[in-house]
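Residue-level listing of the chains:
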Amino acid sequence: MCGIVGYVGNSAARDAKDIIIDGLKKLEYRGYDSAGIALNIDGELQIRKHVGRIANLENLIAGETLASRIGIGHTRWATHGAPSDVNSHPHCNSNETIAVVHNGIIENYVEIKEWLAKEYGITFKSETDTEVIAHLIGIYYDGDLQDAVYKAVEKMRGAYAIGVVAAAEPDKIVAVRKDAPLIAGLGEDCNFIASDIPALLKHVRKIYLIENNETVVIKSDSVKIYNAERKEIKRDVFHVTWDAESAEKEGYEHFMLKEIHEQPKGLYETLTRRIEEDGSIKLDGINLSKEDIENFDKVFIVACGTAYHAGLVGKFVIENLAKIPVEIDVASEFRYRDPFVNERTLFIAISQSGETLDTLAALREAKRKGARILSVVNVVGSSVARESDDVFYTWAGPEIAVASTKAYTTQLMCMYLIGLYMGRTRGILDEERYTNYLKELKEIPDKLKELLKKENEIHDLAKEIYKKEQVFFIGRGSDAGVSYEGSLKLKEISYINSFAIAAGELKHGTIALIEKDTLVIALATQEKLYEKMLSNIQEVKARGAYVIGIAKENNTEIEKQADRVIYIPNCIDEISPLLSVVPLQILAYYIARERGCDIDKPKNLAKSVTVE
Ligand code: M6R
């Protein structure tokens, strides 16, 4: 993953170093193992890099002036080579006249490395794949950076966005994109490259979205884009409409808590923008005709992590509302198992970032097999969005915390809307059920606001249980799907070993792990499965478990079984995941806080996973 930023300006009043470091801070969500910067100062490249957060890099250069008008920077999520000073980017050729920042993986780097060592006697300082790019460009360089980059890229296989500077060309940055995000920002007497829009929002609103196999050359007064045939091409300007403040913490201690509290708004936006005055649903960005919808014989939902968990609920919803079989898979498995997908398949890709490489690769595989591609995406203009036939945006706003919260609930809302629309179009849903369902969905934002008032109660509970080293989440039906998400939230930010399982499956093995005081979080929000869940709770209680139940307000019977109960507002069973996940998010947040964890930037993770 990793984030890259590049800046070229023509005013001494604007310092490249400050601009780049500021931009990198906005990309730390992409990785934060180490950070570095390369600046061209009087025709020499000055490289500074340090393992750890960007703050470490700032400390390193604190006493230096390093005034410059051009530079590139990087924040890393390690793939090849452990996080260390020497493995940090930028990487250079042998005489440090070329510097490269890279996001992605060069799959044939070993081959290139051996070739460079054998043919040119090059020795390597780092264990990274990136260093070979710098050396490759170095051997091809004869005064024309753009040409040397082209030649180097011809030798490289894999996924990358790279930014390159040369000591002898202090006026330009050359950048290339292949399967990793890259944008160019258009400023006044200055221009930028970056992995993502937040890095540039302080300075620009006008963006070029760079496509695969394109090269962009930025100078202070020009931005030129070239296609794979090296022909200059025109690109429409993408105007960013959201502001920098929406990506700030606004007084919350962590982005995760802020984003949990933004869910009523995100859900309201995601829903109401799609409801017409007459109560019908308009799926903006989706051009599926009645004939298309009737022609599908299968839906395939593919995603990763939290987005996959939204898909688990989506399967229930779409099968239930539209009566069409729905298969679901994690993206990294889908593409390698030759799945049954054809022209009659509706392939739904779910992704907050729209840049997750596994999801993108699965999407391409489904497209190759003729499926219609519909994506549910949060980031406008992202790769998944651009490569889809139809895009249905979640209106969650920028999600910064690595742990996904508001993206999940807005993805769920999209599943309900798609299910309702398909069900209605296929003539499955009658007017009464459709209207009641929609009415219930409209009530969700207010019910969620009520539920969020339980934050202190849940915080107190977290204080009681935060020292547990093992937690089980159980549920039935769509509650099982929410259990997976609750478990992921807890483990990724608190590092507690948590495990989710369909409650009825417990007795087939996993119950062997339940002993005195084992913490079990039991979701029991489904009326038709309520009694079954109470039995499952009894099973774990009989083995000494400490049980926290999640149930609807009118189902108080659970108090007789569980040690503690968190109630969610009443709603129809089908949509309870929109509410039941929220106490789990808050509980995970406060448990992690009590354990002193770095909540927004958990170890080993990054917000956007653009490697396979
Ligand atoms: O950007 P995406 O939705 O495609 O990301 C997929 C997963 O990497 C992501 O949901 C991840 O599991 C979350 N950070 C977990 O909270």
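Please refer to the structure higher up on the page.
Residues numbered from 1 in each chain as written. Predicted model: local features only at pLDDT ≥ 70, side-chain atom pairs only at ≥ 80, totals over all residues. Heavy atoms only, no water.

### What about the overall build of the chain?
Defined as follows: Each helix is a run of DSSP H or I of at least 4 residues and each strand a run of E of at least 2, with the numbering of both proceeding from the N terminus. Each radius of gyration is computed over the set of C-alpha atoms, and the globule rule expresses the reference value as 2.2 Å times the number of residues to the power 0.38. Buried means the residue's accessible area, taken with a 1.4 Å probe over protein chains only, is under 20% of the maximum for its type, while exposed means over 50%, and partly exposed covers the values in between. Any two residues whose heavy atoms approach within 4.5 Å at even a single point are treated as in contact. Note on areas: Shrake-Rupley with a 1.4 Å probe; residue coverage comes only from the protein chains shown. In this tally, Asp and Glu contribute negative charge and Lys and Arg positive charge; neither His nor the terminal groups of the chain are included. Each charge is placed at NZ for Lys, CZ for Arg, CG for Asp and CD for Glu.
The helix and strand inventory of the chain stands at 18 helices and 25 strands. Radius of gyration (C-alpha) of the chain: 25 Å, near the 25 Å computed for a compact globule of 612 residues. In terms of overall dimensions, the chain has a C-alpha envelope of 75 × 55 × 45 Å along the principal axes. Among the 612 residues that make up the chain, the fraction classed as buried is 62%. In the chain, the proportion of contacts linking residues at least 24 apart, taken out of those at least 6 apart, comes to 72%. Accessible area for the chain stands at about 23300 Å²; split by element, carbon and sulfur atoms hold 47% of it. Across the chain, the mean location of the 77 positive side-chain charges is 1 Å away from that of the 94 negative side-chain charges.

### A few points about unusual backbone geometry
Geometrically, the link from His89 to Pro90 is a cis peptide bond, its omega value of 0° lying close to zero. Relative to the assigned elements, Pro90 resides in the loop between strand E4 (70-76) and strand E5 (91-92). Unusually for a residue other than glycine, Asp189 sits at a positive phi of about 55°. Note on placement: Asp189 falls in the loop between strand E9 (183-186) and strand E10 (190-194). Relative accessible area serves as the criterion here: at 46%, Asp189 is assigned to the partly exposed category. Here Asn213, not a glycine, exhibits a phi torsion of approximately 65°, which is positive. As for its position among the elements, Asn213 is in the loop between strand E11 (206-209) and strand E12 (214-219). For Asn213, a relative accessible area of 39% translates into the label partly exposed.

### Considering the packing of aromatic side chains
Stated precisely, the cut-off is as follows: Any two rings among Phe, Tyr and Trp, with Trp reduced to its six-membered ring, count as a pair given centres within 6.5 Å; such a pair is stacked if its planes are under 30 degrees apart, edge-to-face if over 60, and tilted if neither. Look at NZ for Lys and CZ for Arg. If either is within 6 Å of the ring centre and within 35 degrees of the ring normal, a charge sits over the ring.
Scanning all chains against the criterion turns up seven aromatic pairs. Ring centres of Tyr7 and Phe192 lie 5.3 Å apart, and the angle between their planes is 55°; on these two criteria the pair is classed as tilted. Of this pair, Tyr7 sits in strand E1 (residues 3-9) while Phe192 is found in strand E10, placing the two residues 185 residues apart along the sequence. The ring of Phe124 carries the charged tip of Lys113 above its face, separated from the ring centre by 5.1 Å.

### Notes on helix H11 (residues 357-368)
Operational definition: A helix is expected to span 1.5 Å multiplied by its residue count minus one.
Taking 1.5 Å as the rise per residue, H11 with twelve residues should run 16 Å; its terminal C-alpha atoms sit 16 Å apart, in good agreement. With respect to burial, H11 is a largely interior element, nine of its twelve residues being buried. All buried positions along H11 are accounted for by Leu357, Asp358, Thr359, Leu360, Ala361, Ala362, Leu363, Glu365 and Ala366. At its buried positions, H11 is contacted by strand E7 (158-166), strand E16 (298-303), helix H10 (331-334), strand E18 (345-351), strand E19 (372-377) and helix H12 (383-386).

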